[in-house]
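Examination of the molecular architecture
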Amino acid sequence: MANYERYLPPWMTEKPVINKTKEFIQFKGQIKQCIYSNILASYAEEILTKIESSKINEVVYGFDMEWPVTFDRKSKKTALIQICTDHSTCYLFHVYHIIKLPSIFVNLINHPRVRWSGVCIKNDFLKLGRDFNIDVSGAVNRIIDLGTYTNQVLYFDSSIKWSMANLVKRLLKKDVNKDVNIRMSNWDNINLDQNQCMYAATDAFISLILYEHLRRFDKEDELQIN
């Protein structure tokens, strides 16, 4: 990076204010949840219809996944796939007990007009591919890794590694609820409780709004942000 002075907005130079009460980001839109393959296919078709009817050449969706946490080196199967299409709608696809993902959902994942925004989600997609023996190459090639994007757009050192919580604190001056009791809960349980649903939807929502925030500082036509 060349050595020259660059104007930095106040939020990048101010010392963080420590609040006595944390302001957690929370998704406030509609959560559409499903546990059956046919409903998953129906929701995938619904999203594809949105894409095809959009006048925008390329859409960006927030993405995240959850699976049961184990204390050995074995990774359990993907349990939940979260897709946030906008500020008003987030889909929660519970896939732990589904043997084969519908082809229309695989088409959605690899759709050439969709970019997937999230933190370290390349590994999520690769895991999804392994767990269900599906092709995820289209998705992997169209990922917006928010850590990499932050470093590029704001001219940070490329070696800096970001967690979602740190990005939210640094960029949005808010906090993310990472309650360990929810984060490490039983995601393979079909009957997710309200706290689990809100946690999962909020993570996908944050993946979307972080991209929208960073996009304001992106002055390049094309960026390699995978």
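Residues numbered from 1 in each chain as written. Predicted model: local features only at pLDDT ≥ 70, side-chain atom pairs only at ≥ 80, totals over all residues. Heavy atoms only, no water.

The next thing to look at is the sheet that holds strand 2 (residues 59-66). Ordered by their spatial adjacency, six strands build an open sheet running 1-4-3-2-5-6, and the pairing between neighbours is mixed. Edge positions in the sheet fall to strand 1 (30-34) and strand 6 (143-145), since each of these pairs with one other strand and no more. Averaged over all neighbouring strand pairs, the angle between strand axes comes to 25°, with direction disregarded. Examined bridge by bridge, strand 2 and strand 5 (residues 114-118) share four bridges and lie parallel to one another. For G62, the partnering residue across the bridge sits in strand 5 and is S117. Docked against the sheet, helix 4 (residues 121-132) engages strand 2, strand 3 (80-86), strand 5 and strand 6, running at close to 65° with respect to strand 2. Contacts between helix 9 (residues 194-215) and the sheet are confined to strand 1, strand 2, strand 3, strand 4 (89-94), strand 5 and strand 6, with strand 2 contributing the most and set at about 145° to the helix. (Pairing = 2+ DSSP bridges. Helix = DSSP H or I, 4+ residues; strand = E, 2+ residues; numbered from the N terminus. Axes fitted to C-alpha atoms, helices over the stretch in contact; angles between N-to-C directions. Contact = heavy atoms within 4.5 Å.)

Further remarks concern the packing of helix 6 (residues 146-153) against helix 9. Pairs of packed helices are described in terms of their axes, by the angle between the two and the distance that separates them. Axis separation between helix 6 and helix 9 bottoms out at 10 Å; the angle between their running directions is 15°. The orientation of helix 6 with respect to helix 9, classified from their angle, is roughly parallel. Two packed elements cross with a definite hand, and for helix 6 against helix 9 that hand is left-handed. Of helix 9, the residues touching helix 6 (which contributes L146, Y149, T150 and V153) are S207, L210, Y211, L214 and R215. Here the contact of helix 6 with helix 9 is composed, by residue class, of six nonpolar, two polar and one charged. (Parallel < 35°, antiparallel > 145°, perpendicular 65-115°, else oblique. Left-handed = near helix turned anticlockwise from the far one by under 90°. Nonpolar A, V, L, I, M, F, W, Y, C, P; charged D, E, K, R; others polar.)

On to the pairing of strand 5. Counting buried positions along strand 5 yields five of five residues, so the element is predominantly enclosed. Bridge count between strand 5 and strand 6: three bridges; the pairing is parallel. Bridging across to strand 6, S117 finds its partner in I144. (Buried < 20%, exposed > 50% of the residue type's maximum accessible area, 1.4 Å probe, protein only.)

This brings us to the confidence of the model for the chain. Mean pLDDT for the chain: 89, with 86% of residues reaching 70 or above. Overall, residues 1-21 carries pLDDT values under 50, and its contacts beyond four positions in sequence, including any with other chains, amount to 16 contacts. (pLDDT = per-residue confidence, 0-100.)

Attention now moves to the pattern of salt bridges. Taken as a whole and judged by the stated rule, the model has eight salt bridges. Where E52 meets R113, a salt bridge forms, and the shortest distance between an N and an O atom there is 3.9 Å. On the criterion of sequence distance, the pair formed by E52 in helix 2 (residues 37-53) and R113 in the loop between helix 3 (103-109) and strand 5 is long-range, its members being 61 residues apart. R142 is the salt-bridge partner of E58, the closest N and O atoms lying 2.5 Å from each other. Of this pair, E58 sits in the loop between helix 2 and strand 2 while R142 sits in the loop between helix 5 (137-140) and strand 6, and the two are 84 residues apart along the sequence. Using a relative accessible area of 36% as the deciding quantity, one classes E58 as partly exposed. (Salt bridge = Lys/Arg side-chain N within 4 Å of Asp/Glu carboxyl O.)

All of the buried residues along helix 7 (residues 164-172) are M164, L167, V168 and L171. Taken around the axis of helix 7, the buried residues stretch over an arc of 100°, which confines them to a single face. Positive phi appears at K173, one or two residues downstream of helix 7, with a value of about 60°. (Arc of directions from axis to C-beta.)

In this structure the tally under the stated criterion is 12 aromatic pairs. An angle of 65° between the planes, with centres 5.4 Å apart, marks the rings of Y43 and Y91 as edge-to-face. Of this pair, Y43 sits in helix 2 while Y91 is found in strand 4, placing the two residues 48 residues apart along the sequence. Each member of the pair Y43 and Y91 is classed as buried. Measuring from ring centre to ring centre gives 6.0 Å for W116 and F125, while their planes differ by 55°; the resulting arrangement is tilted. One exposure class covers both W116 and F125, and it is buried. Each member of the aromatic cluster is reached from another via a ring pair, and the members are Y43, Y91, F93 and F105. Here K127 stacks its cationic end above the ring of W67, 4.9 Å away from the centre of that ring. (Phe/Tyr/Trp six-rings, centres within 6.5 Å; stacked < 30°, edge-to-face > 60°. Lys NZ or Arg CZ within 6 Å of the ring centre and 35° of its normal.)

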